[in-house]
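In case you want the letters, here they are:
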Amino acid sequence: MIQIENLHKRFGKNEVLTGVDLSIDEGGIFAILGPNGSGKTTLIKSILGMVIPNKGTIAIDGVSIKNQWKYRREIEYLPQIANFPNNLKVKELVRMIKDLRQRPSEEKKLIDLFELEPFLDKKLATLSGGTKQKVNLLLTLMFDNTLIILDEPTTGLDPVALIRLKKLLQDEKKQGKTILVSSHIMQFVEEVADEIVYLLEGRIYFKGSIEALKTKTNQTNVEHAIAAITNLQN
């Protein structure tokens, strides 16, 4: 699905990614983890073509993304911070995105799932942070694509919405989709991820299953395992 080789990215004198090699197979949920400044967002944006690497290659389904843009239409991306036009109503924003994408969508299912019906006629400026995040998830997941990238998808969600999101991601995985998730909530990661990719100072220090991570660090949960692997590298 995704093949990354010798990826380097520098912003000025700050080297954010340093020779990243990463292979993501098709199907499954992969958590991209690391402390602030580790290069997670830069890696994600490089896959999306939003950041141009200084060196290295990225291929999706065996095809290089260099100087390409059409491949992005096959990716669903939820940014960590979504800047919505505050003067639009929720239903107007949904309609606008559907008009832009010109693809079949499943917005009704997601509106029901996240209980957004009462907010469809409300302007985005009036919504709480958690409700905006539900709208963000609706816009991201209402189209049927095989690659989904979610940057901090749990932000602001109430417990019921969080449970529904976890079930939704498992359902998407059962359909053979590949899901990349970046999150600081280790309990969420432990419950949904099949594999963990851990970045530190622009390098990948671990890639494998949660059980392999626990075994490597001799810990019983992901939070302590991540802390242990961070300490091992310091």
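Everything numeric here is computed off the predicted structure, so don't read it as measured data. (Residues numbered from 1 in each chain as written. Predicted model: local features only at pLDDT ≥ 70, side-chain atom pairs only at ≥ 80, totals over all residues. Heavy atoms only, no water.)

Observations regarding helix α2 (residues 90–101)
Since one α-helical turn is 3.6 residues long, residues separated by three or four positions face the same way. The condition is simple: The secondary structure listing takes helices from DSSP runs of H or I that are at least 4 residues long and strands from runs of E that are at least 2 residues long, numbered from the N terminus. What a helix should span is 1.5 Å times the count of its residues minus one. Categorising residues by exposure relies on relative accessible area from a 1.4 Å probe, with only protein chains included: less than 20% of the type maximum marks a residue as buried, more than 50% marks it as exposed, and the intermediate range marks it as partly exposed. An arc is given here, and it is the one of the directions from the helix axis to the C-beta atoms. By definition, residues are in contact when any of their heavy atoms lie within 4.5 Å.
For α2, built from twelve residues, the straight-helix expectation of 16 Å at 1.5 Å per residue is met to within 8% by its first-to-last C-alpha distance of 17 Å. For α2, the full list of buried residues reads Val 90, Leu 93 and Val 94. Along the long axis of α2, the arc covered by the buried residues comes to 100 degrees, so they all point the same way. Among the structural elements, α3 (107–113) and α4 (129–141) are those in contact with the buried residues of α2. A positive phi of about 55 degrees marks Gln 102, the residue just after α2.

Some words on the packing of aromatic side chains
Two aromatic rings, taken as a pair, are described by how far apart their centres are and by the angle between their planes. Cut-off, in case you're wondering: Stacked, tilted and edge-to-face pairs are distinguished by plane angle, under 30 degrees for stacked and over 60 for edge-to-face with tilted covering the rest, among Phe, Tyr and Trp rings (Trp via its six-membered ring) whose centres lie within 6.5 Å. For a lysine, the NZ atom is tested; for an arginine, the CZ atom; a charge sits over a ring if that atom is within 6 Å of the ring centre and within 35 degrees of the ring normal.
This structure, assessed with the given rule, holds zero aromatic pairs. Taking the ring centre of Phe 11 as reference, the NZ or CZ of Lys 9 above it sits at 5.0 Å. Over the ring of Phe 143 we find Arg 101, and its NZ or CZ is 4.5 Å from the ring centre.

Remarks on the packing of α2 against α4
Think of two packed helices as two axes; the pair is described by the angle between the axes and how far apart they sit. For clarity, the threshold we go by: The angle between two axes is taken between their N-to-C directions and runs from 0 to 180 degrees, where each axis is a line fitted to C-alpha atoms and a helix contributes only its stretch in contact. Each angle receives one of four descriptions, namely roughly parallel if under 35 degrees, roughly antiparallel if over 145, roughly perpendicular if within 65 to 115, and oblique otherwise. Handedness of a helix crossing follows the sense of rotation of the near helix relative to the far helix, less than a right angle counterclockwise being left-handed and clockwise being right-handed. Each residue receives one of three labels: charged for Asp, Glu, Lys and Arg, nonpolar for Ala, Val, Leu, Ile, Met, Phe, Trp, Tyr, Cys and Pro, and polar for the others, Gly being one of them.
Where α2 meets α4, the closest approach of the two axes is 10 Å, and the angle between their N-to-C directions is 20 degrees. The angle between α2 and α4 falls in the class roughly parallel. Crossing of α2 against α4: the hand is right-handed. Across the interface between the two elements, Val 90, Leu 93, Val 94 and Ile 97 of α2 pack against Val 135, Leu 138 and Leu 139 of α4. When its residues are assigned to classes, the contact of α2 with α4 shows seven nonpolar, no polar and no charged.

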